[in-house]
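Residue-level listing of the chains:
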Amino acid sequence: MPLFSFVIRRLLQMIPTVIFILIVTFVLVRMLPGDPASAMLGDRARDADVNRINHELGLDRPLIVQFFYFAERIATGDLGNSIGLKVSVLSLIMDRLPVTLMLTALSAVIALALAVPLAFVAAFKREKLADSVIRGTFQVGLSMPVFYVGIILLTVFAAQLKLFPVGGYGTTLPDKLYHLFLPALTLALSFSAVLMRNLRASIINVMNAEYVDFATAKGLKSRVILLRHILRNALISTVTLFGLQIGTLFGGAVITETVFAVPGAGRLLIDSIYGRDYPVLQGLTISLAILVSLTFLLTDIIQAWLDPRIAR
Amino acid sequence: MTASTAQTTMSDGTKGLVVRGLTTTFDTTRGLAIAAADVDFDVAPGEVVGLVGESGSGKSVTLRSIMRLIREPGKVSGRVEWGGRDLVAMPAEELRKVRGGEIAMIFQEPMTALNPVLPIGVQIEENLKAHTGLTGSQRRARALELMNIVGIPAAERRLDEYPHQFSGGMRQRAMIAIALACSPKLLLADEPTTALDVTIQDQILKLLLDLRDRLAMSVVLVTHDLGVVAATCDRMAVMYAGRIVETGTVAEVFARPHHPYTRGLLGSVPRSGHSRTMLQSIDGTPPSLTALPQGCAFHPRCSFATEICRTDRPPLDLIGAGRRVACHHHEEVAAAEPIL
Ligand SMILES: Nc1ncnc2c1ncn2[C@@H]1O[C@H](COP(=O)(O)OP(=O)(O)OP(=O)(O)O)[C@@H](O)[C@H]1O
Ligand SMILES: [Mg+2]
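Residues numbered from 1 in each chain as written. Chains lettered and ligands numbered in written order. Predicted model: local features only at pLDDT ≥ 70, side-chain atom pairs only at ≥ 80, totals over all residues. Heavy atoms only, no water.

Draft legend 1. The sheet that holds strand β2 (residues 31-43) of chain B, seen in detail. Residue and element names in this part refer to chain B. Across the sheet, which stays open at both edges, the 4 strands sit in the order β2-β1-β4-β5 with antiparallel pairing between neighbours. Because the sheet does not close on itself, it has two edges, and the strands there are β2 and β5 (85-86). Bridge analysis of strand β1 (residues 17-28) against strand β4 (residues 75-82) gives 7 bridges, and the strand direction is antiparallel. Opposite Val 19, over in β4, you have Val 80 as the bridge partner. Lying on the sheet, helix α1 (residues 59-66) is in contact with β1, β2 and β4; it crosses β1 at an angle near 110°. (Pairing = 2+ DSSP bridges. Helix = DSSP H or I, 4+ residues; strand = E, 2+ residues; numbered from the N terminus. Contact = heavy atoms within 4.5 Å. Axes fitted to C-alpha atoms, helices over the stretch in contact; angles between N-to-C directions.)

As structure tokens, this is what we get:
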């Protein structure tokens, strides 16, 4: 079972990654200009009040002490309480992160659903009209900023055609997916453009491989040649790109959630930055970072499954 | 050698493979490359035909053209008759059934012809799935049987392994197993034994001859090894710069080559004793396919060449039953002293 031991090895490799994430987060959050006390009390706060709050939050202790305190608590699953909202960070994150996760997953699915068939058409009609149209359209999609695409989609499909809600989030799963569709599409467009370009090039490359000729010489049905011999090999490089781009996708989710008023982790993140809500900011950064490295792991596993030469 | 089988025809009256005027060109940046020109040859049921010639003479292109595997922008014209039907003009679905089922091909490079991400077993079984109604377990059993036939040890385990886990020789055999999976009526074998050592080469060739006898399978065998031709083929065709320049039974061609190029190839082969000798290199280099010389393409390297060779291309003339040669001076060549 080379794949199994490969997965175990990759899981173990995540431990140092997580420790590194903790250190970086801790340092970054403290490098932000301003401090929570001033943010809470306003510009004209008295020094005594600021000091009292800093003391209550443990922010007057040496950084290294703060770090170990921070690491110890995180290890026990305690991410502290939000300074602004006065509730536990963990419950906030558990409330908001799944929304972002769903948005990201939905947009990844949409991006793939757009990219894979169109990449095939573009590759097989290379340098013909269909190829130019597909590539031209995606080029435009790729060069437009996410928030701009979001506003256009919002104006056309939600405000004017009233096909989708203007914002918010539902309660049942179908309702949630319905609310998330436009933001997910917004997020998916530029992502699918990147995937499509890569997959098209990759398919063209694989199509010319000898083993595709051999598969043809075996008299296989064209569906088998397309899916088993061409797509599978072509996806190997696209999966790598997919993994590398997933961080960007989370970043895009933050912006999209703001445009569509989706109550996800992205909005929470922005609020926590403005409010100097260190515990929330820390908690979110760590969760997002771990989530991204988990998707790296997942794409690695998918890749090892696609290409047996990797898992050795 | 069982040359007599060459005369038999299949009960349903098909004539095996008939290739007429097969021409394959590639539009390259340096001009039109004529990789195969006016190729004519027949392969009767149960016959083994050797196709020999220097590197780049168009042997692989000819096999690929027969299987209609030449991609755009390559162009193929001419006729390839199989069972009375023309493969060149055949509709896609009909052609799919012929490929792998009735006509199978062994590629020259097993390293690149096998799909790197699929287990060998899958690559054998998908062939069976495309052409037979066997169930999953029957396909597995047949795959196992094929692995044993081509001499891959530990077949059960190896079915689940990937090409990169196979050695060169094992890959070669795996490819032969794939090609033979559906018991084809015609096997196009592009140097099937080059990567193998002599004993295994003999085993594989014996296997092919055995299948020929049992299934009346015809074989077109591309090889550099004239010893292999002598040992396994009924008839042979010699290619030079994309054209067939001489055909005949192996015995006739070896005994009395009528083309100076064939004569050159045979030059180093001892008439008796050691049979295994690679093609002898002939002085000079083959011409560029985009700038073939006027007249006979071989004339710049030919010691028999005269004025006519520089101006007129010799046609592939019939000089006896099943014996053809394309040379203005073939009688002179045939009468010349053996080079030995
Ligand atoms: N797709 C292609 N585009 C352009 N030229 C090609 C293409 N395929 C083959 N050729 C040319 O056709 C010629 C014949 O090639 P081919 O592979 O048939 O030679 P060969 O007789 O099989 O040689 P070898 O013994 O080395 O295998 C070569 O000069 C090659 O460069
Ligand atoms: Mg070749």
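Draft legend 2. Molecular detail of the interface of chain B and chain A. With 27 residues of chain B at the contact, the number on the chain A side is 25 residues. Counting each side, the surface lost to burial between chain B and chain A is near 2300 Å², with a carbon and sulfur contribution of 57%. The largest per-residue losses of area from chain B upon contact with chain A belong to Arg 71, Val 117 and Glu 126 of chain B, which jointly make up 26% of the total buried on that side. Where chain B meets chain A, there are 5 salt bridges. Between Arg 64 of chain B and Glu 210 of chain A there is a salt bridge; the shortest N-O distance is 2.2 Å. Joining chain B to chain A, the criterion identifies 14 residue pairs in polar contact (both at pLDDT 80 or more). For the side of chain B that touches chain A, the secondary structure elements donating two or more residues are β6 (103-106), α3 (110-113), α4 (120-131) and α7 (168-180) of chain B. (Buried area = accessible area lost by both parts, 1.4 Å probe. Salt bridge = Lys/Arg side-chain N within 4 Å of Asp/Glu carboxyl O. Polar contact = N/O pair within 3.5 Å; in protein donor to acceptor, adjacent residues only side chain to side chain.)

Draft legend 3. Local environment of the site of ligand 1. Residues and elements named next belong to chain B. With respect to spatial proximity, 15 residues lie near ligand 1, and among them Ser 55, Gly 56, Ser 60, Val 61 and Gln 108 are the closest. When ligand 1 sits alone it has 640 Å² of accessible area, and the protein chains cover 63% of it. For the shell around ligand 1, the secondary structure elements donating two or more residues are β1 and α1. Take the shell around ligand 1: its biggest share by element is 3 residues, from α1. (Near = heavy atom within 4 Å. Areas by Shrake-Rupley, 256 points an atom, 1.4 Å probe, with all protein chains shown as cover.)

Draft legend 4. Local environment of the nonpolar core. Counting 97 residues, the largest nonpolar core has Ile 124 and Leu 187 of chain B as the members making the most contacts within it. At 8 residues, the largest contribution of residues to this core is made by α7 of chain B. Every residue in contact with Leu 187 of chain B, bar those within four places of it in the chain, is listed here: Ala 104, Ile 106, Ala 179, Leu 180, Leu 208, Met 217, Ser 218, Val 219 and Val 220 of chain B. In this structure, Leu 22, Ala 119, Ile 134 and Leu 249 of chain A belong to the second largest nonpolar core, which totals 83 residues. (Core = buried A, V, L, I, M, F, W, Y, C linked by side-chain atoms within 4.5 Å. Buried < 20%, exposed > 50% of the residue type's maximum accessible area, 1.4 Å probe, protein only.)

Draft legend 5. Region of interest: the pattern of salt bridges. This model, assessed by the stated rule, comprises 29 salt bridges over all chains. Measuring nitrogen to oxygen at the nearest pair gives 2.5 Å for the salt bridge that ties Glu 126 of chain B to Arg 228 of chain A. Taken together, the residues Glu 126 of chain B in helix α4 and Arg 228 of chain A in helix α10 (residues 222-260) connect one chain to another. Using a relative accessible area of 5% as the deciding quantity, one classes Glu 126 of chain B as buried.

Draft legend 6. Here's a closer look at the pairing of β4 of chain B. Residues and elements named next belong to chain B. Where β4 and β5 come together, 2 bridges link them in antiparallel fashion. Paired with Glu 81 across the two strands is Asp 86, which belongs to β5. Between the end of β4 and the start of β5, which pair antiparallel, lie 2 residues, with Gly 83 showing a positive phi angle near 55°.

Draft legend 7. Quick peek at a nonpolar patch on the surface. Residue and element names in this part refer to chain A. On the surface, Phe 4, Ile 8, Leu 12, Ile 15, Ile 19, Phe 20, Ile 23, Val 24, Val 27, Leu 28 and Met 31 cluster together into a nonpolar patch covering about 1100 Å² of accessible area. Along the chain, the position of Met 31 falls in helix α1 (residues 2-31). Under the relative-accessibility criterion, Met 31 is labelled exposed at 60%. (Patch = residues over 30% accessible without salt bridge, like charges linked within 9 Å, V, L, I, M, F, W, Y side chains within 5 Å.)

Draft legend 8. Here's a closer look at helix α11 (residues 265-274) of chain A. Residues and elements named next belong to chain A. Considered for burial, the residues of α11 that qualify are Ala 265, Gly 266, Leu 268, Leu 269 and Ser 272. Across the axial projection of α11, the buried residues extend over an arc of 160°, all falling on one side. Along its buried surface, α11 packs onto α5 (89-124), α10 and α12 (278-306). Just past α11, the residue Arg 276 takes up positive phi, approximately 50°. (Arc of directions from axis to C-beta.)

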